[in-house]
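Fold and geometry: a report
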Amino acid sequence: MRGNIFDIKRYAIHDGPGIRTTVFLKGCNLHCRWCHNPESQSLQPTVMLQVHRLGDKEFREESTVGYSVTTEELMSEILKDQVFFEESGGGVTFSGGEPLLQAPFLLEILKLCKAHKISTCIDTAGAVSCEMLEEICRYTDLFLYDMKTAEEAKFTEFVGRGFHQVLENLGCIAGYGNRVIIRIPVIPGVNNTPDGQQALLDCLKQWPALREVEFLPYHRTGADKYRRLGMTYEMGDLASMTEKDLCEIKECFRRNNYTIL
Ligand code: SF4
């Protein structure tokens, strides 16, 4: 079976426990304004412009992001790192884009990983109707589940359609008993206001077994990619956040008995 990916990152240490190989699947049905991988959003290969300068001369080069692989080809890439997984308690993480959009491909590669006793993780925004979700859960050790905002109007304005699907899928995954780390990208003006924080807490109360939360500070490292793709970066000049800027939201969740990762 073939799938579309756009990168394989080795020795990743922020995409789940231990040392991981992160596979980035192409295609996303959301359009978060702050997305730092806009080249991931189309399911098809995407052309990006690179401008090189040499003295006063400018050279333009086009590169194509994304390619098709078979599950066997991808598995042989993953297996190159197996020794690091065993020594560090790591494994493979499927990210994107939105990996659930390529559910049949994802399921097959998850099964191959499990056949090789490799720990698996899926990083998802969950806004996809997925008939294979239950079966995918059987082959997944950990979900990194994005909660961008718990306020529907803000979700629709800043992220796209699918707010209720996100909640439904999270409920299903929690119900199947999978380990879930809630990942919250902290975006000024979207979810780090007192109301935004309270809405997240009120929403997450529905699943009392989910206690692990990770906060990711807004950063603008992807801003230049928008220009190279001929897209508009809708966050304007908003400055990147630092770890220090997360103190308040972390403290708020700690007070509500969440474990902050
Ligand atoms: S869900 Fe992720 S990949 Fe998709 S648009 Fe949002 S930030 Fe980008």
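This write-up is about the structure you can find in this document. (Residues numbered from 1 in each chain as written. Predicted model: local features only at pLDDT ≥ 70, side-chain atom pairs only at ≥ 80, totals over all residues. Heavy atoms only, no water.)

**Remarks on the overall build of the chain**
The condition is simple: A run of H or I in DSSP becomes a helix once it reaches four residues, and a run of E becomes a strand once it reaches two; helices and strands are each numbered from the N terminus. Taken over C-alpha atoms, the radius of gyration is set against a globule rule of 2.2 Å times the number of residues to the power 0.38. Here's how the labels work: a residue is buried when its accessible area is under 20% of the maximum for its type, exposed when over 50%, partly exposed in between, all with a 1.4 Å probe on protein chains only. The contact criterion used throughout is that any non-hydrogen atoms of two residues lie within 4.5 Å.
From N to C terminus, the chain includes nine helices and 11 strands. By the compact-globule yardstick of 18 Å for 261 residues, the chain fits well, its C-alpha radius of gyration being 19 Å. The C-alpha extent of the chain, read off along each of the three principal axes, is 55 × 45 × 35 Å. Burial analysis of the chain (261 residues in total) assigns 51% to the buried set. Contacts in the chain between residues far apart in sequence, at least 24 positions, make up 69% of those at least 6 positions apart.

**A few points about the site of the ligand**
To be explicit about the condition: Here, proximity means that at least one heavy atom of the residue falls within 4 Å of the molecule or strand. Only Asp, Glu, Lys and Arg are considered charged in this grouping, and only Ala, Val, Leu, Ile, Met, Phe, Trp, Tyr, Cys and Pro are considered nonpolar; every other residue, Gly among them, is considered polar.
If you check the shell around the ligand, you find Cys-28, Leu-30, His-31, Cys-32, Cys-35, Ser-40, Gln-41, Gly-97, Ala-125 and Lys-148 and nothing else. For the shell around the ligand, a count of residues per class yields five nonpolar, four polar and one charged.

**Digging into the environment of Pro-104**
Its location among the elements puts Pro-104 in helix α3 (residues 103-115). Once the C-alpha coordinates of Pro-104 and Tyr-11 are considered, the two residues, 93 residues apart in sequence, prove to be 26 Å apart. Not counting residues within four places of it along the chain, the set of residues in contact with Pro-104 comprises Met-1 and Met-132.

**Quick notes on the sheet that holds strand β8 (residues 142-146)**
What counts is decided by this rule: Any two strands with at least two DSSP-identified bridges between them are counted as paired.
One open sheet accounts for nine strands, arranged β5-β1-β2-β6-β7-β8-β9-β10-β11; its pairing is mixed. Looking at which strands have only one partner, the edges of the open sheet turn out to be β5 (67-70) and β11 (259-260). Where β8 lies against strand β9 (residues 179-186), five bridges are found, and the strand directions are parallel. When the sheet's bridge partners are listed, Leu-142 is paired in β9 with Arg-179.

**Re unusual backbone geometry**
In this chain, Gly-96 is followed by Gly-97 through a cis amide linkage whose omega measures 10°. Positionally, Gly-97 belongs in the loop between β6 (91-95) and α3. One non-glycine residue with positive phi stands out, namely Lys-117, at about 60°. Judged by relative accessible area, Lys-117 falls into the exposed class, the value being 75%. Of note, Asn-257 is a non-glycine position whose phi angle comes to about 65°, a positive value. Relative to the helices and strands, Asn-257 is located in the loop between α9 (247-255) and β11. We classify Asn-257 as exposed; its relative accessible area is 60%.

**Here's the deal with helix α6 (residues 163-176)**
Residues separated by three or four positions in an α-helix point in the same direction, a consequence of the helix having 3.6 residues per turn. Note the threshold: Under the convention used throughout, the expected extent of a helix is 1.5 Å for every residue step, that is, one less than its residue count.
Given a rise of 1.5 Å per residue, 14 residues ought to cover 20 Å, and the 21 Å separating the end C-alpha atoms of α6 matches this to within 8%. When α6 is considered as a whole, its buried residues turn out to be Phe-163, Gln-165, Val-166, Leu-167, Asn-169, Leu-170 and Ile-173.

**Some details on the packing of aromatic side chains**
Quick note on the threshold: A pair of aromatic rings is counted whenever rings of Phe, Tyr or Trp (Trp by its six-membered ring) have centres within 6.5 Å, and the orientation is called stacked for planes under 30 degrees apart, edge-to-face for over 60 and tilted otherwise. By definition, being over a ring means that NZ of Lys or CZ of Arg is both within 6 Å of the ring centre and within 35 degrees of the ring normal.
Counting across every chain of the model gives six aromatic pairs. For the ring pair Phe-6 and Phe-24, a centre distance of 5.6 Å and an interplane angle of 50° mean the geometry is tilted. Of this pair, Phe-6 sits in strand β1 (residues 2-12) while Phe-24 sits in strand β2 (residues 20-25); the two residues are 18 residues apart in sequence, bridging distant segments of the chain. Judged by its relative accessible area of 11%, Phe-24 falls in the buried class. When the ring of Phe-215 is compared with that of Phe-253, the centres are 5.1 Å apart and the planes differ by 75°; the resulting orientation is edge-to-face. Of this pair, Phe-215 sits in strand β10 (residues 212-217) while Phe-253 is found in helix α9, placing the two residues 38 residues apart along the sequence. Classification of Phe-215 as buried rests on a relative accessible area of 4%. Assessed through its relative accessible area of 0%, Phe-253 is described here as buried. Between Arg-211 and the ring centre of Tyr-258, over which it is positioned, the NZ or CZ distance is 4.0 Å.

**Some points on the pattern of salt bridges**
Just so we agree on the cut-off: We define a salt bridge as a side-chain nitrogen of Lys or Arg found within 4 Å of a carboxyl oxygen belonging to Asp or Glu.
Scanning all chains against the criterion turns up 21 salt bridges. In this structure, Arg-10 engages Asp-81 in a salt bridge whose closest nitrogen and oxygen atoms are separated by 2.6 Å. With Arg-10 in strand β1 and Asp-81 in the loop between α1 (71-79) and α2 (82-88), this pair connects stretches of sequence that are 71 residues apart. Take Arg-10: its relative accessible area is 26%, and that puts it in the partly exposed class. With relative accessibility at 3%, the residue Asp-81 sits in the buried group.

**Regarding the environment of Cys-137**
By the secondary structure assignment, Cys-137 is in helix α4 (residues 133-138). Taking the relative accessible area as the measure of exposure, Cys-137 reaches 5% and is therefore buried. Counting along the chain gives 40 residues from Cys-137 to Gly-177, while the straight-line C-alpha distance between them is 8.9 Å. If we ignore the near neighbours within four places in the chain, the residues touching Cys-137 are Phe-143, Ile-173, Tyr-176 and Asn-178.

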